[in-house]
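Fold and contact review
Chain residues, written in single-letter form:
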Amino acid sequence: MDRVALRGLRARGHHGVFAEEREKGQTFVVDLVLGLDTRPAAADDDLTKTVHYGVVAEEVVAVVEGEPVDLIETLAERIADRCLRHAVVREVEVVVHKPEAPITVPFDDVTITITRSRV
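If you check an unreviewed UniProt entry, the protein appears there as 7,8-dihydroneopterin aldolase from Streptomyces zagrosensis. The Catalytic activity (unreviewed entry) comment attached to the protein in UniProt states, word for word, "7,8-dihydroneopterin = 6-hydroxymethyl-7,8-dihydropterin + glycolaldehyde". As recorded by UniProt, the Sequence similarities (unreviewed entry) comment attached to the protein reads in full: "Belongs to the DHNA family."

Rendered as structure tokens:
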């Protein structure tokens, strides 16, 4: 399977279990690796036979900016579901970064990584 990766998609969301997270919001960063067969697109040099990563990026940002959830696990699942709506995408790895998580000790990042595929 071939891979198309999008790294560092940024969007402001209001996800989290604490009221302050819901009210103020924070930046979330998303990395994606989409698994698909790119041979048909490459053979015909045809965008319609692959995944349009610009469209995927916009859809992912819309999910992050959309309906708030408590957990980044839920957010990652919603992003994966959205990516798998594209017919050519067979598998997706989603990493959601929450660099502004409400943690009381110094840290660089909090992430969740999930992999989902068509069944």
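Moving on, we get to helix H4 (residues 72–83). With 12 residues, H4 should cover 16 Å at 1.5 Å per step; its first-to-last C-alpha distance of 16 Å lies within 8% of that length. Restricting attention to buried positions, one finds in H4 the residues Ile72, Leu75, Ala76, Ile79, Ala80 and Cys83. Seen from one end, H4 has its buried residues packed into an arc of 135 degrees, which puts them on one side. Those residues of H4 hidden inside the fold are in contact with strand S2 (26–36), helix H3 (53–65), strand S3 (91–97) and strand S4 (111–117).

A few words on the UniProt feature "domain: Dihydroneopterin aldolase/epimerase" (unreviewed entry) in the protein. With numbering matched to this structure, UniProt assigns "domain: Dihydroneopterin aldolase/epimerase" (unreviewed entry) to residues 4–116. End C-alpha atoms of residues 4–116 are separated by 15 Å, and the span's content is 33% helix alongside 30% strand.

A word on the sheet that holds S3. In space, the 4 strands of this open sheet follow the order S1-S2-S3-S4, with antiparallel pairing throughout. Strands at the two margins of the open sheet, each flanked by one partner only, are strand S1 (2–13) and S4. Ignoring which end each strand starts from, the neighbouring axes of this sheet average 15 degrees apart. Bridge analysis of S1 against S2 gives 10 bridges, and the strand direction is antiparallel. Looking at the pairing, Leu6 lines up with Leu32 of S2. Sheet strands in contact with H3 are S1 and S2, and its direction is about 35 degrees off that of S1.

The rules behind each value
Residues numbered from 1 in each chain as written. Predicted model: local features only at pLDDT ≥ 70, side-chain atom pairs only at ≥ 80, totals over all residues. Heavy atoms only, no water. UniProt positions renumbered as here; feature names shortened; annotations may be inferred. Helix = DSSP H or I, 4+ residues; strand = E, 2+ residues; numbered from the N terminus. Expected span 1.5 Å × (residues − 1). Buried < 20%, exposed > 50% of the residue type's maximum accessible area, 1.4 Å probe, protein only. Arc of directions from axis to C-beta. Contact = heavy atoms within 4.5 Å. Pairing = 2+ DSSP bridges. Axes fitted to C-alpha atoms, helices over the stretch in contact; angles between N-to-C directions.

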